[in-house]
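Structural features, examined
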Amino acid sequence: HHLLHVVQIAANAGAQVIMDAVNKPRNITYKGLTDLVTDTDKMSEAAILDVVRKSFPDHLILGEEGGIIGDSSSDYLWCIDPLDGTTNFAHGYPSFAVSIGVLFKGKPAAATVVEFVGGPKCWNTRTFTAAAGKGAFCNGDKIHASQTDKVEQSLLVTGFGYEHDDAWATNIELFKEFTDISRGVRRLGAAAVDMCHVALGIVEAYWEYRLKPWDMAAGVLIVEEAGGTVSCMDGGKFSVFDRSVLVSNGVLHSKLLERIGPATQKLQGKGIDFSLWYKPE
Ligand code: IPD
Ligand code: CA
Ligand code: CA
Ligand code: CA
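Calculation notes
- Residues numbered from 1 in each chain as written.
- Chains lettered and ligands numbered in written order.
- Predicted model: local features only at pLDDT ≥ 70, side-chain atom pairs only at ≥ 80, totals over all residues.
- Axes fitted to C-alpha atoms, helices over the stretch in contact; angles between N-to-C directions.
- Helix = DSSP H or I, 4+ residues; strand = E, 2+ residues; numbered from the N terminus.
- Parallel < 35°, antiparallel > 145°, perpendicular 65-115°, else oblique.
- Contact = placed C-beta atoms within 7 Å.
- Nonpolar A, V, L, I, M, F, W, Y, C, P; charged D, E, K, R; others polar.
- Core = buried A, V, L, I, M, F, W, Y, C linked by C-beta atoms within 7 Å.
- Buried ≥ 20, exposed ≤ 12 C-beta atoms within 10 Å, placed from the backbone.
- Domains from an automatic or database assignment.
- Pairing = 2+ DSSP bridges.
- Near = placed C-beta within 6 Å.
- UniProt positions renumbered as here; feature names shortened; annotations may be inferred.

Brief notes about the packing of helix 5 (residues 191-200) against helix 6 (residues 213-225)
- Contact geometry for helix 5 and helix 6: axes closest at 8 Å, N-to-C directions at 0°. Put simply, helix 5 runs roughly parallel to helix 6. Counting all contacts with helix 5, which are made through Ala191, Ala192, Met195, Cys196, Val198 and Ala199, the residues of helix 6 involved are Asp215, Met216, Ala218, Gly219, Val220, Ile222 and Val223.
- Residue composition of the contact of helix 5 with helix 6, by class: 11 nonpolar, 1 polar and 1 charged.

In structure tokens:
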């Protein structure tokens, strides 16, 4: 599979930049009071773009740091998060990654997430890959989401973005509710990594509001190919242009949606207008 091969080479190029920087001082600038970006985010994206543009000069590319470049008539859209979990990276706290998902006519087709594991003195990586209809893999081994079908036996994970709006407040309530009824809710700080952990079967589900296409494009395919289920937080059909996501091992999906409930439905319908780049079949 040529496309997935190039996705992997590009993700590895970004990961190499991060590995070279992970033990060095960070150069931080601010997009907002707590919304950081480091030189490494930008250098990783540059290394990734280098690979993509050489292999597929006619593809459309959406990178978190660089915006949209390329041919808008292309059927392919690369969603690139050169460093997902920047805050963790800035602190040397584990849970950050390179995340690249490629859409073909608006649908996830190939994905790679390179997750940094360990911590200072023992950084390492593991690589998640998926191609549509071909299964999900971690370091080359097939992976599957968990079979747990009881909320009270589940370990869950969520995230809170930089915008402290109505969705953020609602998620504080959901955090309370699910902490009460599950084995626990983790909050690690890298959306792509959280989704890969569902695919790996070490947590049962993950949800978050106000994400962007580059946070989700890779993770959602990896989860689906690992046998999990992906929807919006109101249970509706998901696209990476939506801004909320619920991913689960599949067995638990409807039970989680029942608990999330109609109270959160008013938060829907705030998708970003990516219609310029979206190519329905
Ligand atoms: C962020 C992380 C975090 C999530 C935020 C994202 P970034 O991405 O994925 O887990 O809670 O919503 O923006 O800025 O570190 O690439
Ligand atoms: Ca960011
Ligand atoms: Ca991100
Ligand atoms: Ca990022």
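Here we look at the nonpolar core
- In this structure, Met195, Ala199, Val220 and Ile222 are the most contacted members of the largest nonpolar core, which totals 82 residues.
- Mapping this core onto the domain boundaries places at least three of its residues in each of domain 1 (2-142) and domain 2 (151-267).
- Other than its neighbours up to four places away in sequence, Val220 contacts Pro108, Met195, Val230, Phe238, Val240, Val245 and Val247.

Structural notes on the pairing of strand 13 (residues 205-209)
- Counting buried positions along strand 13 gives 5 out of 5 residues, so the element sits mostly inside the fold.
- The alternating pattern of strand 13 places Ala205, Trp207 and Tyr209 on one face and Tyr206 and Glu208 on the opposite face, and all of these are buried.
- Pairing between strand 11 (residues 155-158) and strand 13: 3 bridges, direction parallel. Within strand 13, the position partnered with Leu156 by the bridge is Ala205.
- In this structure, strand 13 lies alongside strand 15 (residues 244-248), joined through 5 bridges in antiparallel fashion. In the sheet register, Ala205 faces strand 15, and the bridge partner there is Ser248.

Overview of the site of ligand 1
- Residues in close proximity to ligand 1 total 13 residues, the closest being Asp84, Thr86, Gly159, Gly161 and Ala191.
- Among the residues forming the shell around ligand 1, the class breakdown is 4 nonpolar, 5 polar and 4 charged.
- Both domains that meet at the shell around ligand 1, namely domain 1 (2-142) and domain 2 (151-267), each give it at least three residues.

Remarks on the UniProt feature "binding site: Mg(2+)" (unreviewed entry) in the protein
- In this numbering, the UniProt entry assigns the feature "binding site: Mg(2+)" (unreviewed entry) to Glu64, Asp81, Leu83, Asp84 and Asp215. On the basis of their most widely separated C-alpha atoms, the annotated residues across 152 residues gather in one place, lying no more than 9.7 Å apart.
- The exposure class of Glu64 is buried, given the 21 C-beta atoms found within 10 Å.
- In contact with Glu64, other than residues within four places in its own chain, are Ile80, Asp81, Pro82 and Trp214.
- With respect to the helices, strands and loops of the structure, Asp84 is situated in strand 5 (residues 76-84).

Looking at the domain arrangement of the protein
- Taken domain by domain, the protein consists of domain 1 (2-142) and domain 2 (151-267).
- The gap between the C-alpha centroids of domain 1 and domain 2 is 21 Å.
- Listed per partner, the contact involves 33 residues of domain 1 and 23 residues of domain 2.
- Sorting the residues of the side of domain 1 that touches domain 2 by element identifies strand 3 (60-63), strand 5, helix 3 (86-91), strand 6 (96-104), strand 7 (107-117), strand 8 (124-131) and strand 9 (136-138) as the ones contributing at least two each.
- When residues of the side of domain 1 that touches domain 2 are assigned to their parent elements, the largest contribution, 6 residues, is made by strand 6.
- For the side of domain 1 that touches domain 2, the residue count by class is 15 nonpolar, 12 polar and 6 charged.

Comments concerning the sheet that holds strand 8
- The strand order across the open sheet built from 8 strands is 4-3-5-6-7-8-9-10, with neighbouring strands paired in mixed fashion. The open sheet is flanked by strand 4 (67-69) and strand 10 (141-142), the only strands paired with a single partner.
- In this structure, strand 8 lies alongside strand 9, joined through 3 bridges in antiparallel fashion. The partner of Ala130 across the bridge, within strand 9, is Ala136.
- Lying over the sheet, helix 6 contacts strand 3, strand 5, strand 6, strand 7, strand 8 and strand 9, oriented at roughly 100° with respect to strand 7.

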